[in-house]
Amino acid sequence: MSSKVRRSVDRAVSYFRANQSTTGGFGASGQTATTTPWVVQAIAAAGANASTFERSGGKSPIAYLQSLDIEREATGGSGTTSNPANFYAKMIVTYHAAKVSSLIAKAGSKHIDLAASLLAYENSQNGAFSTTPGGSGTYAAISTTAWAVIALRAAGRSPSQLASSVSWLASQQGSDGGFSFTPGGSPDPDDTAAAVEALRAGGVSASNATIKHALSYLHSQQMSNGGFTSGMGGTTNAESTAWAVQAIRAVGQNPTGAAWKKGGKTPIAFLLSLQARSGAFYHYGTTLAMPLLTTSQVVVALSGKTYPF
């Protein structure tokens, strides 16, 4: 990490600390349960200890997460995402990143086993994961399967144990090399990058044709300012660029190298250009959309991490 990137990451971590509540969590009421895991991942990526990351008189974010009824939050609580499998997966990745992996098997106030809860959403016939128990649906199946593979690898599953899910995920690649959020959808850089990380986590070689095709798609989506859009002709933004950077690193390439320059600019330079005085990162331009979420994703990318870490 260059000194310039290190300073940027440190400013972002200071922003997190300034926006932490005494409960240990992050984000507005009703969003804290979904926002906090992302911030914990970023804190860990930056090299800080999430178990002791506290404001004066407050609790740590790990203590906050352990105070939650995680099953309730996943399936219908104030922080529900309408995708329980993704919520369980995100929690697994969070605990692994924060180096408290022992909590994966006793998560939250009711001490549930996150891996077992996630596996309840797997389709036993093809290895896909979706928003419905038993993986019987298809909505969000590509995104959900990618996150499930990453999470189960973090939870200690071997590539051989993930083979059917990895095979199903690879089969969802579009003719242009991209991956979409849901089967039949339009490919986009965000989901393509997450799929690349999942495939690599699942044991797929960086030289594999599926990976190469996905990287070609990402190359085609990079804009002249070095950044990436969320697809469909959108504006280059921090989140899409952060995911692309992670995918680039996941295959052993350098996001500051000549291969990833457009108009003389790299995706890292684009990300650094989006940091506000507060330490937060703009979604694009000078627009703060969901700054805690945006900043979390950028910090992971700038810190050189790829999932699971």
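Residues numbered from 1 in each chain as written. Predicted model: local features only at pLDDT ≥ 70, side-chain atom pairs only at ≥ 80, totals over all residues. Heavy atoms only, no water.

Caption draft 1: Representation of the pattern of salt bridges. For the structure shown, the criterion picks out three salt bridges. For Arg-6, the salt bridge goes to Asp-10, with nearest N and O atoms at 2.9 Å. Highlighted residues: Arg-6 and Asp-10, both in helix 1 (residues 3-18), separated by four residues, approximately one helical turn. With its nearest N and O atoms 3.8 Å apart, the salt bridge here joins Glu-73 to Arg-72. (Salt bridge = Lys/Arg side-chain N within 4 Å of Asp/Glu carboxyl O. Helix = DSSP H or I, 4+ residues; strand = E, 2+ residues; numbered from the N terminus.)

Caption draft 2: Spatial organisation of the packing of helix 8 (residues 163-171) against helix 9 (residues 189-201). Packing of helix 8 against helix 9 brings their axes to within 10 Å, and their N-to-C directions diverge by 145°. In this structure, helix 8 crosses over helix 9, and the sense of that crossing is left-handed. For the pair helix 8 and helix 9, contact is made by Val-166, Leu-169 and Ala-170 and by Ala-195, Ala-198 and Leu-199, respectively. Split into classes, the residues belonging to the contact of helix 8 with helix 9 amount to six nonpolar, no polar and no charged. (Axes fitted to C-alpha atoms, helices over the stretch in contact; angles between N-to-C directions. Left-handed = near helix turned anticlockwise from the far one by under 90°. Contact = heavy atoms within 4.5 Å. Nonpolar A, V, L, I, M, F, W, Y, C, P; charged D, E, K, R; others polar.)

Caption draft 3: Structural detail: the nonpolar core. Formed by 96 residues in total, the largest nonpolar core has its most connected members in Phe-16, Ile-70, Tyr-95, Leu-114, Leu-118, Leu-302 and Tyr-307. Not counting the four nearest positions on each side in its chain, Leu-114 is found in contact with Ile-70, Tyr-88, Met-91, Ile-92, Tyr-95, Ile-104 and Ala-107. (Core = buried A, V, L, I, M, F, W, Y, C linked by side-chain atoms within 4.5 Å. Buried < 20%, exposed > 50% of the residue type's maximum accessible area, 1.4 Å probe, protein only.)

Caption draft 4: Region of the structure containing the environment of Val-298. The topology assignment puts Val-298 in helix 13 (residues 291-302). On the basis of relative accessible area, Val-298 is assigned to the buried category, the value being 0%. Between the alpha carbons of Val-298 and Met-1 there is a distance of 14 Å; along the sequence they are 297 residues apart. Excluding its chain neighbours within four sequence positions, the residues that come into contact with Val-298 are Ala-238, Ala-242, Leu-271 and Phe-281.

Caption draft 5: Quick peek at helix 1. Between its first and last C-alpha atoms helix 1 spans 23 Å; for 16 residues at 1.5 Å apiece the expected length is 22 Å, and the two agree. Taken together, the buried positions of helix 1 are Val-5, Ser-8, Val-9, Ala-12, Val-13, Tyr-15 and Phe-16. Take helix 1 and look down its axis: the buried residues cluster within an arc of 155°, on one side only. Facing away from the buried surface of helix 1 by more than 90 degrees, the exposed residues are Ser-3, Lys-4, Arg-7 and Ala-18. Packed against the buried residues of helix 1 are helix 2 (32-45), helix 12 (267-272) and helix 13. (Expected span 1.5 Å × (residues − 1). Arc of directions from axis to C-beta.)

Caption draft 6: Representation of unusual backbone geometry within the structure. Each neighbour pair has its own omega, and for Tyr-307 with Pro-308 the value is -10°, a cis peptide bond. By secondary structure assignment, the location of Pro-308 is in the segment after helix 13. The phi angle at Lys-99 is positive, at roughly 60°, despite the residue not being glycine. Relative to the helices and strands, Lys-99 resides in the loop between helix 5 (84-97) and helix 6 (114-119). Even without glycine at this site, Ala-140 takes up a positive phi of about 60°. With respect to the helices and strands, the residue Ala-140 is situated in the loop between helix 6 and helix 7 (141-154). Overall, the relative accessible area of 1% leaves Ala-140 in the buried class.

Caption draft 7: Representation of the packing of helix 11 (residues 238-250) against helix 13. Where helix 11 meets helix 13, the axes come as close as 8 Å, and the angle between the chain directions of the two elements is 25°. Comparing the axis directions of helix 11 and helix 13 gives the class roughly parallel. Our pair here, helix 11 against helix 13, has a crossing hand that is left-handed. Contact residues: Ala-238, Glu-239, Ala-242, Trp-243, Val-245, Gln-246 and Arg-249 in helix 11; Thr-294, Gln-297, Val-298, Val-300 and Ala-301 in helix 13. Tallied by class, the residues present in the contact of helix 11 with helix 13 amount to seven nonpolar, three polar and two charged. (Parallel < 35°, antiparallel > 145°, perpendicular 65-115°, else oblique.)

Caption draft 8: Here's a closer look at the side chain of Thr-241. Tracing the backbone shows Thr-241 in helix 11. Of note is the side chain of Thr-241, whose polar atom sits 2.7 Å from the backbone oxygen of Asn-237. Contact partners of Thr-241, with chain neighbours within four places excluded, come to Gly-227, Phe-228, Pro-267, Phe-270 and Leu-271. (Polar contact = N/O pair within 3.5 Å; in protein donor to acceptor, adjacent residues only side chain to side chain.)

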